[in-house]
Amino acid sequence: MNPIRIGLMGLGTVGQGLLRVLRKNADEIERRVGRKLIVTHIATKDLGRNEESLDGISVSDDALTQVRAADVDVVVEVMGGYNIAKQVMLAAIER
C-alpha cells in the first residue's frame, strides 16, 4: 500500500519535534495506521535552522508552493501565526 505523504508546514520547535516523533515511532505508526507516513515536503522560513536530517525531503521557504505539491496527501500546519497559516490551510483545502 502506498505511504501517506505529509507536507509539514513549519520547522520550528513543534515541527522538528513532530518530525522526530514520526521518525522514531515509524514502525509503530505504520502498524497502527496500516500505511507508512513519510514527510515529503517541509516549509520553513529559516532554511538554515534545523536539527534533523532532511535528506530526501523537499524544503522551501515558500509554504504555498509546498502545500500545493502533487506528492502531498496530508498537510500539517505547525507554523503559528494567522495570515500565512490561514493562506496555507485554505490552499490545502482547495487542493
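As a starting point, this report considers the structure included with it. (Residues numbered from 1 in each chain as written. Predicted model: local features only at pLDDT ≥ 70, side-chain atom pairs only at ≥ 80, totals over all residues. Heavy atoms only, no water.)

1. Describing the side chain of threonine 44
Here threonine 44 lies in the loop between strand 2 (37-43) and strand 3 (58-60). Classification of threonine 44 by relative accessible area gives buried; the value is 9%. Engagement of the side chain of threonine 44 in a polar contact is seen with the backbone nitrogen of aspartate 46, the distance being 3.4 Å. Not counting residues up to four positions away in its chain, the partners in contact with threonine 44 are Leu11, Val59, Ser60 and Asp61. (Helix = DSSP H or I, 4+ residues; strand = E, 2+ residues; numbered from the N terminus. Buried < 20%, exposed > 50% of the residue type's maximum accessible area, 1.4 Å probe, protein only. Polar contact = N/O pair within 3.5 Å; in protein donor to acceptor, adjacent residues only side chain to side chain. Contact = heavy atoms within 4.5 Å.)

2. Examining helix 4 (residues 83-94)
For an α-helix, the turn length of 3.6 residues means that residues three or four places apart are oriented alike. In this model helix 4 runs 17 Å from its N-terminal to its C-terminal C-alpha over 12 residues, within 8% of the 16 Å that 1.5 Å per residue would give. All of the buried residues along helix 4 are Ala85, Val88 and Ala91. Down the axis of helix 4, the smallest arc covering the buried residues is 130°, so these residues share one side. Away from its buried face by more than 90 degrees, helix 4 exposes Asn83, Lys86, Ile93 and Glu94. Taken together, the buried residues of helix 4 touch strand 1 (4-9), helix 3 (63-67) and strand 4 (74-77). (Expected span 1.5 Å × (residues − 1). Arc of directions from axis to C-beta.)

3. What about the side chain of serine 60?
Its location among the elements puts serine 60 in strand 3. On the accessibility criterion, serine 60 (18% relative accessible area) is buried. Here the side chain of serine 60 touches aspartate 62 through a polar contact of 2.9 Å, landing on its backbone nitrogen. Look past the residues within four positions of serine 60 in its chain and what remains in contact with it is Ile42, Ala43, Thr44, Leu47 and Gln66.

4. Brief notes about the nonpolar core
Residues Ile6, Leu8, Leu11, Leu19, Leu22, Ile29, Val39, Ile42, Leu54 and Ile57 constitute the largest nonpolar core, which totals 10 residues. Elements with a minimum of two residues in this core: strand 1, helix 1 (13-24) and strand 2. Residues contacting isoleucine 6, with those up to four places away along its chain left out, are Leu22, Leu37, Ile38, Val39, Thr40, His41, Val72, Val74 and Val76. One finds Ala43, Ala63, Val67 and Val88 within the second-largest nonpolar core, a separate group that totals six residues. (Core = buried A, V, L, I, M, F, W, Y, C linked by side-chain atoms within 4.5 Å.)

From the geometry alone we can't say anything about function, so treat these as descriptive.
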